[in-house]
Structure formats: structure tokens, C-alpha cells
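Chain by chain, the residues:
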Amino acid sequence: MHRPAPQRISSVPETPTATTTGAPGTLAFGALLIANVALAFGPWFVRATEVGPVAAGFWRLTLAVPFLVLLAAQQGARPTRLGRGVWIGLIAGGVCFAADLGSWHLGILRTTLANATLFGNAATLMFPIYGFLVARTWPTRTQGWALMLAAAGAALLLGRSYQLDAKNLAGDLLCILAGLLYTVYFILMARARTTLAPLSTLVLSTLAGIVPLLVFALAMGERIVPAQWGPLIGLALCSQVLGQGLMIYALGRFSPLVIGIALLIQPVVAGTVGWLVYGERLGLPDLVGVVMVAIALVLVRRTPADRPPIEEALDTPDLGRQETV
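As a starting point, this report considers the structure included with it. What you see is a predicted model, and the numbers here were worked out from it, not measured in a lab.

### Let's talk about a nonpolar patch on the surface
Together, Trp44, Trp275, Leu276, Val277 and Tyr278 make up an exposed nonpolar region whose accessible area comes to about 480 Å². Considering each element in turn, the nonpolar patch owes the most residues, four residues, to helix 13 (residues 265-278).

### What about the packing of helix 4 (residues 53-74) against helix 10 (residues 198-219)?
Following both chains from N to C, one finds helix 4 and helix 10 inclined at 155°, their axes separated by 8 Å at the closest point. Judged by the angle between their axes, helix 4 and helix 10 are roughly antiparallel. Pair helix 4 / helix 10 crosses with left-handed handedness. Where helix 4 approaches helix 10, its residues Val54, Ala55, Gly57, Phe58, Leu61, Thr62, Val65, Leu68, Val69, Leu71 and Ala72 are matched on the opposing element by Leu199, Leu202, Val203, Thr206, Leu207, Gly209, Ile210, Leu213, Leu214, Phe216 and Ala217. When its residues are assigned to classes, the contact of helix 4 with helix 10 shows 18 nonpolar, four polar and no charged.

### A closer look at the nonpolar core
Formed by 83 residues in total, the largest nonpolar core has its most connected members in Leu32, Phe127, Tyr185, Phe186 and Ile259. In contact with isoleucine 259, not counting residues within four places along its chain, are Leu32, Phe127, Phe186, Met247, Ala250, Leu251 and Phe254.

### Brief notes about the side chain of histidine 105
With respect to the helices and strands, the residue histidine 105 is situated in helix 5 (residues 84-108). Setting aside residues up to four positions removed in sequence, histidine 105 forms contacts with Val46, Pro53, Ala56, Gly57, Arg60 and Leu235.

Conventions used here
Residues numbered from 1 in each chain as written. Predicted model: local features only at pLDDT ≥ 70, side-chain atom pairs only at ≥ 80, totals over all residues. Heavy atoms only, no water. Patch = residues over 30% accessible without salt bridge, like charges linked within 9 Å, V, L, I, M, F, W, Y side chains within 5 Å. Areas by Shrake-Rupley, 256 points an atom, 1.4 Å probe, with all protein chains shown as cover. Salt bridge = Lys/Arg side-chain N within 4 Å of Asp/Glu carboxyl O. Helix = DSSP H or I, 4+ residues; strand = E, 2+ residues; numbered from the N terminus. Axes fitted to C-alpha atoms, helices over the stretch in contact; angles between N-to-C directions. Parallel < 35°, antiparallel > 145°, perpendicular 65-115°, else oblique. Left-handed = near helix turned anticlockwise from the far one by under 90°. Contact = heavy atoms within 4.5 Å. Nonpolar A, V, L, I, M, F, W, Y, C, P; charged D, E, K, R; others polar. Core = buried A, V, L, I, M, F, W, Y, C linked by side-chain atoms within 4.5 Å. Buried < 20%, exposed > 50% of the residue type's maximum accessible area, 1.4 Å probe, protein only.

Put into C-alpha cells, the structure is as follows:
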């Protein structure tokens, strides 16, 4: 049946079909994996840009907007009235993401790629904790094992690259701050996904983050306009359009536990890039950590679980919902 409420996205039947109940799970999990791989290339693009690190975040969002709007329009996006609470959440999420990008990009230039990506994804632990608090439940035994494996794997990934050095410590602290802000952004976007479809959520939150990043970059006296646009375009398309686009979609399909553990894909990929491009070599402990993270992902993927709190608020599958801006 159709739902007339103006803030909600309707137009599809609520009756489940084989298409909406079987295929989306595999498709969404693939989207989650691709999102994390794409996001892992962000630090490489940031290092390759000629502008300041905060300015790189500004261009990441600004250059991505036209592509995101076109994609949303292609999916049938249309203007609609949104409640005050939704707008506050979207704007707050955009500002948190802007602060996350600013602090993370500053940290990327002051530590290794693996460290920057691992600390920048501190949501690996915090977002699952949020999910269990919201659901008012403890993790199952399998979920507990998955969390421990993921934590141990993350520690091994961190072990060889981390150095108690002043130059790395400053970068690590900035990336930890970014990870905290990223967790808040995830929580706000997960709530927005109960009302808006993925691309609409991403378009509006991206717009909200542009001005804060520009003001911050100007205040720091950074170079804003580059001579070469290639790395910035790559950053916008790979990290914001592809990476964040698929991540926002996945937020409405999986529990915070699955999202959190999947974030550990990023330091694995970033560590490999750092090894190949910058000589930040990986050793046996790193490879063992990769295997442990992979096993944790398999465990949470195969574990039968109740629908996540995010999904309980959705009446229709993402693939059938119209975009609304």
C-alpha cells in the first residue's frame, strides 16, 4: 500500500517479495565491502593534493555534490517537506563530518597511512557499542568472538606501524579525534536513514559540511586553489561519491556491529597502499591481523540476527524506495 505522509518515502508495496528479501542482503554486503575499499584510498589522494589538508576536505565535498545530485535525480529525487528534527540531524551530521575530515586530513600528513586509517575509524568499536545500547541487549557468543577477533586483528595491524614518536603522536591524536567525530556522524546518519533514502541523506549532509571546511581552511591560511585537479577529483569521486554513497546505503541495511567490523577493511587496504607507494612495509603480524579481521567479518555475516534498530523504522526496502531531497 502507499503511504501519504510527506516526510516519508513511499510508492512501493510493503508486501515482501523474493527480490526484496533475498538479493538485497548480498548486494548490500557487497556495497559495504566496496565502500570501505574506496574510502581506504582517501589518505593517498590527500597526500597527493597540492592544497592544504582541510582544503582537500572542502573540495572532496564540493566536487562531489554535482555527481550526488545527478545520481539522486536519476533515482527519482523530489523536494519534500522535512521536519525540524530531521534538518537538525542532517546539519549536525554534516558539521560533524566536516570536523572529522578536517582533523583526519591534518592527521594523515603526520602519521602513517595505516595508523591514520585505523585511528580514523575508531567507530569500529564505538558504533557497535552504540548499537547494543540502543537495542538494549548484549552481544551473542558469536558476536563477542567476532569483536575480540576484530580488536586483536586491529592491534596487530597497529603494532608494527605505530611508533612512540612525537611526529606520529600528533597525527595519531588528530586521527583519534576524527574517529570520535565519525562515530557521531554515523549515529546521526543512521537516524536520518529512517526518514530519507541513501542519496538524499548524503546530498544534504554533504552540503552542510562544505562551508565549515572552507572557513576552517581559510582561517588556517591553507592554499585553497590547486594547479592540478586530478587528486582532488579522485578524492571526491572515490571517497565521497562511491565510498560514502555506498556506506550510507549500508547503514540502513546492517547492524552497527557489522558496519563497525567492516570498517577494519580500510586500514588493511590503506596499509597495503602505504607499503606499495610509501615503503611503509607490512610484516607477518600485519598479515595475521588481516586474517583475523576477515574471520570476524565472516562470523558477523553468517550470524543470524534480529533486524537492526535502523531497519525496524523502515517500512520499505532501500532498493524500492524513491529518493527525496
